[in-house]
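Next come the chains, spelled out residue by residue.
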Amino acid sequence: TDLAPVLINLSYAMVLTGEFRHARLLTEEAEGWARRGGSNTLVLSRALNARALVEVYDNHPRDALRYAGRALDVAGGVHAPRLHGLIYMTRARAHRYLMVTEIEEDTSPPLAATRGSIMGEEALKDANQAVNLLKSSPADRIAALIERGCLYREIARGYVHKHDSVTMVQVVRRSEEDLRRAAMVASAMHLPDQAAAAWVNLGWLWY
């Protein structure tokens, strides 16, 4: 199992460079090492969550949800709030990507918006879990706030298609609140990359 965490970290680096095939192979190898290690369920859960992240960024959100669900099942009986929070954040992101894809591909915007609202409710449950579970990990909590802010932004788009401007404005305000909060906390903690991500996503909200 000593090799598995190294492979997981390397897979993250491969994802950031767009090397999805290589990243996927690394997570598979990490999962194999974790299973051969026997009782280390946390490492196995991390490997499955890493695979879910690969699928998210490679635009396979349904596969991502499946792997993240397996990661939660594996870690379910273990007290590991940070790991659980990270998995819920992955699930929220996968739900968001799926919601965006379905809205953009559907030829009936009102129908797509209705389906998007249902998916948005599921995603918000995951995003709220992530924010709550990551309270003791400030950098991760900032990432969770950004994710929830982005999720509110996409939900607001659905209300635009449904011509519900009152609810849309309410959701936009929630998105703005999360993204501004993330930007301020990140700046105070001298985390310029996360602060920049929050401000950029706020810009997309207003766009």
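What you are looking at is a predicted structure, and each value in this text was computed from that prediction instead of being measured.

Parameters and conventions
- Residues numbered from 1 in each chain as written.
- Predicted model: local features only at pLDDT ≥ 70, side-chain atom pairs only at ≥ 80, totals over all residues.
- Heavy atoms only, no water.
- Helix = DSSP H or I, 4+ residues; strand = E, 2+ residues; numbered from the N terminus.
- Contact = heavy atoms within 4.5 Å.
- Buried < 20%, exposed > 50% of the residue type's maximum accessible area, 1.4 Å probe, protein only.
- 1 Å grid on protein atoms, 1.4 Å probe; cavity = no way out; pocket = protein on both sides within 12 Å on 5 of 7 lines; lining within 4 Å.
- Points joined across faces, edges and corners; volume = space filled by probe spheres on them.
- Nonpolar A, V, L, I, M, F, W, Y, C, P; charged D, E, K, R; others polar.
- Salt bridge = Lys/Arg side-chain N within 4 Å of Asp/Glu carboxyl O.

Q: Talk me through the environment of Glu-31; I want residue IDs and the actual numbers.
A: Along the chain, the position of Glu-31 falls in helix α2 (residues 20-36). Discounting chain neighbours no more than four positions away, the residues touching Glu-31 are Leu-44, Ala-47, Leu-48 and Arg-70.

Q: Account for unusual backbone geometry, naming residues and giving values.
A: Phi at His-163 takes a positive value of approximately 60°, unusual for a residue other than glycine. Within the element layout of this structure, His-163 appears in the loop between α7 (138-161) and α8 (165-188). The backbone of His-190 sits at a positive phi, close to 60°, despite the residue not being glycine. Positionally, His-190 belongs in the loop between α8 and α9 (192-206). Residue class for His-190 comes out exposed when judged on its relative accessible area of 68%.

Q: Mind laying out the layout of surface pockets, listing which residues take part and the relevant values?
A: When its volume is computed, the largest pocket comes out at roughly 770 Å³. Every residue lining the largest pocket is counted, 22 residues in all, and those nearest its centre are Leu-53, Tyr-57, Met-89, Arg-93 and Ala-143. Listing elements by their share of the lining of the largest pocket, those giving two or more residues are α1 (3-16), α3 (41-57), α5 (81-105), α7 and α9. With six residues, the top contributor of residues to the lining of the largest pocket is α5. Tallied by class, the residues present in the lining of the largest pocket amount to 12 nonpolar, four polar and six charged.

Q: Report on the pattern of salt bridges, specifying residues and quantitative values.
A: By the definition in use, this model includes 16 salt bridges. We note a salt bridge from Arg-93 to Glu-147, for which the minimum N-O separation is 2.9 Å. Here Arg-93 is found in helix α5, whereas its partner Glu-147 is found in helix α7, with 54 residues between them in sequence. Per residue, the accessibility class of Arg-93 equals that of Glu-147, and both read buried. The buried category is assigned to Glu-147, whose relative accessible area is 3%. Within this structure, Arg-24, Glu-28, Arg-51, Glu-55 and Asp-58 form a network of salt bridges that share partners.

That's the geometry; what it means functionally is another story.
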